[in-house]
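Fold and geometry: a report
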Amino acid sequence: MTLHLPDAGGTLRAYEPRTEPLTVTREAPGSAFTSRTVFSAAHVVADPYADTTPDGPAAVDWDATLAFRRHLWSHGLGVAEAMDTAQRGMGLDWAGAAELIRRSAAEAKAAGGRIACGVGTDQITGGTLAEVRAAYEEQLAVVEESGAQAILMASRALAASARSPEDYLEVYGHLLRQAAEPVILHWLGPMFDPALEGYWGSSDLDAATGTFLDVIAAHPDKVDGIKVSLLDAQREIDLRRRLPQGVRCYTGDDFNYPELIAGDEQGFSHALLGIFDPLGPLAAEAVRVLDTGNPEGFRVLLDPTVELSRHLFQAPTRYYKTGVVFLAWLAGHQSHFTMVGGLQSARSLPHLARAYELADGLGLFPDPKRAEERMRTLLNLYGVDQ
């Protein structure tokens, strides 16, 4: 049946929902890709029955949260856990993140899935460089004890306390020297978190890139790769061409990921992407096509998803998690559209309606009829009669 979807101008437009989902291949659980290493940053599912407040501790539905990770692993994707997509610093505090890391790492072992987990400093809001180091060390120990790979995330506390590029070199050098295994370094741009403006000691991205590369060059044996989330394709290409041999570039560019993963004659990016949360099965299918040596077929599958991704990640980009969880609800991965921190309110109804339209057009919903019914319920809740 026709849905009437609101647009930003306050008018309704008719939309005919898709009747059949896209058919994709699902490999055996844990089946790895051969041409690229691919992680999906995964969202958390809130407990809708918890009596909590937006600024209270996160109430997580652990069964549904872990079931979603098994869904990603079943398609061969790795899980990047307790990252920005899991609402670190936007509803999920360190206590919740630590529990998430422990539970997901144990589930990864049971499922045979790959997992890497975020290491930050969100148990403190500021402090000296020594206190920042100690906070990082506490979280690094939790991740290493869980058996997961560590992702050293950008730190709001370090951004606030560092006074020079040398402070970043000192803190990261200290952490890399003590890391048990090679880590992924994460550069998250201020479009994802305004508190990270000037990271690596400068708001000049060329200067910041130089410091970032100095950290890697000093400890190449301790850096598995870098995850770059600057939404600037050419800057990422230039950066990956300057990496030491053996250090990978994991794209975090949710605007330009198909071309960056496909690569060029001088190299390519692996992937660690929030958009692969809603795109999981389709993204996995595309990478398997790339594994056959067919970059054109890869682009045919993945290029049409960019419009949806750019919509979800439009400014203010940090609220992309709302669209990600909304699509998980429509796709049947959870029974409700509730988020930790009350973040389901962070995007407008026209924004959500357009996300539904784009995702439905791509065939992302395993049960299009259920997605249509849930979209209709949301519209009715907002007073849009159908």
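Look up a bit, the structure's there.
Read on for a plain summary of the structure.

Calculation criteria
- Starting afresh in each chain, residues are numbered from 1 along the sequence in its written order.
- In keeping with the model being predicted, local features are shown solely for residues with a pLDDT of at least 70 and side-chain atom pairs are shown and tallied solely at 80 or more, while totals for entire chains, interfaces and linings include all residues.
- Side-chain measures were taken over the full set of non-hydrogen atoms in the model, leaving aside hydrogen atoms and water.
- Here, axes are lines fitted to C-alpha atoms. For helices the fit covers the stretch in contact, and angles between N-to-C directions go from 0 to 180 degrees.
- We count a stretch as a helix when DSSP gives it H or I for four or more residues in a row; a strand needs E for two or more, and each element gets its number in order from the N terminus.
- Roughly parallel refers to an angle under 35 degrees, roughly antiparallel to one over 145, roughly perpendicular to one between 65 and 115, and oblique to any angle outside these ranges.
- Handedness of a crossing is defined here by the sense of rotation of the near helix relative to the far one, left-handed for an anticlockwise turn of less than a right angle and right-handed for a clockwise turn.
- Here, residues are in contact when the closest pair of their heavy atoms is within 4.5 Å.
- We call Asp, Glu, Lys and Arg charged. Ala, Val, Leu, Ile, Met, Phe, Trp, Tyr, Cys and Pro are nonpolar, and the rest, Gly among them, are polar.
- Strands qualify as paired when DSSP identifies two bridges or more between them.
- Type-normalised accessible area, obtained with a 1.4 Å probe on protein chains alone, sets the label of each residue: buried when under 20%, exposed when over 50%, and partly exposed for intermediate values.
- We call a crossover right-handed when, viewed with the strands running away from us, the connection from the first strand over the helix to the second turns clockwise.
- In the sections that follow, a salt bridge refers to a side-chain nitrogen of Lys or Arg positioned within 4 Å of a carboxyl oxygen of Asp or Glu.
- By nonpolar core is meant a set of buried Ala, Val, Leu, Ile, Met, Phe, Trp, Tyr and Cys residues that side-chain atoms within 4.5 Å join together.

1. Observations regarding the packing of helix α5 (residues 165-178) against helix α6 (residues 205-218)
Geometrically, a packed helix pair is captured by the angle between its two axes and the distance between the axes. Following both chains from N to C, one finds α5 and α6 inclined at 30 degrees, their axes separated by 10 Å at the closest point. Relative to α6, the element α5 lies roughly parallel. The handedness of the crossing between α5 and α6 is right-handed. Contacts between α5 and α6 pair P165, Y168, L169, Y172 and L176 from the former with T211, D214 and V215 from the latter. In terms of residue class, the contact of α5 with α6 is made up of six nonpolar, one polar and one charged.

2. Description of the sheet that holds strand β8 (residues 223-229)
Around the barrel, eight strands lie side by side as β3-β4-β5-β6-β7-β8-β9-β10; this closed barrel has parallel pairing. Neighbour-to-neighbour, the strand axes of the sheet open up by a mean angle of 25 degrees, direction not taken into account. In the sheet, strand β4 (residues 78-81) pairs with strand β5 (residues 115-119) via three bridges, with the strands oriented parallel. In the strand pairing of β5, A80 is matched with A116. Contacts from helix α3 (residues 129-146) reach β5 and β6 (149-152) within the one sheet, and its direction differs from that of β5 by about 165 degrees.

3. A look at the pairing of β5
Most of β5 is tucked away, with five of its five residues classed as buried. By the alternation rule, side chains of β5 split into I115, C117 and V119 and A116 and G118, which are all buried. You can see the chain leave β4, run along helix α2 (residues 94-111) and come back into β5, and the turn it takes is right-handed. Relative to β6, β5 runs parallel, the two being bridged by four bridges. Within β6, the position partnered with A116 by the bridge is Q149. This β-α-β element, β5 to α3 to β6, shows right-handed connectivity.

4. Structural notes on the pattern of salt bridges
Under the criterion given, the structure shown has 18 salt bridges. With its nearest N and O atoms 2.7 Å apart, the salt bridge here joins D122 to R88. Taken together, the positions of D122 in the loop between β5 and α3 and R88 in the loop between β4 and α2 put the pair 34 residues apart, joining distant regions of the chain. Residue classification places D122 among the partly exposed positions, given a relative accessible area of 28%. A salt bridge links R248 to D224; its shortest N-O distance comes to 3.6 Å. In this pair, R248 is assigned in strand β9 (residues 248-251) and D224 in strand β8, connecting sequence segments 24 residues apart.

5. Remarks on the nonpolar core
Counting 117 residues, the largest nonpolar core has L185, Y199, F276 and F326 as the members making the most contacts within it. Counting residues per element, this core draws most heavily on helix α13 (residues 349-362), at eight residues. Each residue touching F276, except ones within four places of it in the same chain, is listed here: V38, F39, S40, L72, L77, Y257, I261, A271, A283 and L302.

6. As for the environment of F255
With respect to the helices and strands, F255 occurs in the loop between β9 and α8 (257-262). With 25 residues separating them in the primary sequence, F255 and L230 have C-alpha atoms 9.7 Å apart. Sequence-distant contacts of F255, defined by excluding residues within four places in its chain, comprise L231, V306, R310 and F313.

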